Amino acid sequence: MTFREVNSKMVEATVVPGRRLFSQRGAMLAYKGEVSFTPSVQGGQGGVMSMIGRRLANEATPLMTVEGSGTVLFGHGGHHVQVIGLSGDTLYVEADRLLAFDGTLEQGTMFLGSQGGVMGMVRGQVTGQGLFTTTLRGHGSVAVMAHGGVFEVPITPQRPVHVDPQAYVAHHGDVRNKLSTALGWREMVGRGSGEAFQLELSGSGSVFVQASEEKL
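Since the model is a prediction, treat every value here as computed from it, not as a measurement.

Structural notes on the environment of V153
At step 1: For V153, the location among the structural elements is in strand β10 (residues 150-155).
At step 2: Spatially, the C-alpha atoms of V153 and V207 are 5.3 Å apart, while their sequence positions differ by 54 residues.
At step 3: Excluding residues within four positions of it along the chain, V153 makes contact with V161, G205, S206, V207 and V209.

Brief notes about the environment of V35
At step 1: Examined against the element boundaries, V35 turns out to sit in strand β4 (residues 28-39).
At step 2: For the pair V35 and S69, spaced 34 residues apart in sequence, the C-alpha to C-alpha distance is 5.7 Å.
At step 3: Residues within four places of V35 in sequence aside, it is in contact with V66, E67, G68, S69, G70 and V72.

As for the environment of M145
At step 1: Inspection of the secondary structure puts M145 in strand β9 (residues 132-146).
At step 2: Assessed through its relative accessible area of 1%, M145 is described here as buried.
At step 3: C-alpha separation for the pair M145 and G75, spaced 70 residues apart in sequence, amounts to 8.5 Å.

Quick notes on the confidence of the model for the chain
At step 1: Residues with a pLDDT of 70 or more make up 70% of the chain, whose mean pLDDT is 79.
At step 2: Across the chain, strand β2 (residues 10-15) holds the top mean pLDDT of 96, while helix α2 (residues 119-127) sits lowest at 43.
At step 3: Throughout residues 45-59 the model reports pLDDT below 50, and contacts reaching past four residues in sequence, or to other chains, amount to 27 contacts.
At step 4: Of the regions scoring below 50 in pLDDT, residues 115-130 engages in 46 contacts with residues more than four places distant in sequence or in other chains.

A few points about the pattern of salt bridges
At step 1: Taken as a whole and assessed by the stated rule, the structure comprises 2 salt bridges.
At step 2: When the shortest N-O distance is used, the salt bridge between E12 and R4 registers 3.1 Å.
At step 3: Among the residues examined, R4 registers a relative accessible area of 45% and is labelled partly exposed.
At step 4: With its nearest N and O atoms 3.9 Å apart, the salt bridge here joins D102 to R19. Linking D102 in strand β7 (residues 98-102) with R19 in the loop between β2 and β3 (21-24), this pair joins segments that are 83 residues apart in sequence.
At step 5: A relative accessible area of 1% places D102 in the buried class.
At step 6: R19 sits in the partly exposed class, given a relative accessible area of 37%.

Topic: the pairing of strand β5 (residues 63-74)
At step 1: Bridge count for β2 against β5 is 5 bridges, and the pairing is antiparallel. Note that in β5 the partner of E12 across the bridge is L73.
At step 2: As defined by bridge partners, β3 adjoins β5 across 4 bridges and the pair is classed as antiparallel. Bridging across to β5, Q24 finds its partner in L63.
At step 3: Where β4 meets β5, 11 bridges bridge the pair, whose relative direction is antiparallel. For P39, the partnering residue across the bridge sits in β5 and is M64.

Considering the nonpolar core
At step 1: Residues L91, V93, F101, L136 and V142 are the most contacted members of the largest nonpolar core, which totals 17 residues.
At step 2: Excluding residues that lie within four positions of it along the chain, L91 makes contacts with I84, L86, T134, T135, L136, V142, A170, H171 and H172.

Criteria and cut-off values
- Residues numbered from 1 in each chain as written.
- Predicted model: local features only at pLDDT ≥ 70, side-chain atom pairs only at ≥ 80, totals over all residues.
- Heavy atoms only, no water.
- Helix = DSSP H or I, 4+ residues; strand = E, 2+ residues; numbered from the N terminus.
- Contact = heavy atoms within 4.5 Å.
- Buried < 20%, exposed > 50% of the residue type's maximum accessible area, 1.4 Å probe, protein only.
- pLDDT = per-residue confidence, 0-100.
- Salt bridge = Lys/Arg side-chain N within 4 Å of Asp/Glu carboxyl O.
- Pairing = 2+ DSSP bridges.
- Core = buried A, V, L, I, M, F, W, Y, C linked by side-chain atoms within 4.5 Å.

In structure tokens, the structure reads:
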């Protein structure tokens, strides 16, 4: 695995010739060896269309391309860092929660409400969260950030999981998502957390939940 958790708020990445990493701008804490950091135009293997999708989603998190030979320490804002390994599957993660990821992963953008109908559109207006989620697919590892720690909750066909949208970090597996409201339209006014909305995840996989509703 490219990333190694040094402690709860810092990861160490191994950089080797011919293999790129991508990191959030400002995430580098220290490095050893011959390592270069340059602004990323494409932002991963998703190319320009992925970048445009993130612009439209208002989630244009600046990325840096990391190349060379050495080791790099990554962290950001004192947030908790969790390393997630992918073995050919797809990880769905909020763009602003990405700390760093392998350049071998294919990056894209998905409308998180696409499986939840019109209610998905309400998410960004009322909860303050983004409408779009970054997708990372392939073999490699990803370092994500969260407030107060991350807990992985299994999702099984017999037991869907309901998550406060503001506590959602990421999910992977054969999972469907649906955003619903537990209140009527009049009751929703002025409410922006899980009391009004629930993100229902069903299928087979897991969801990563942060210990705080605070947005990064």
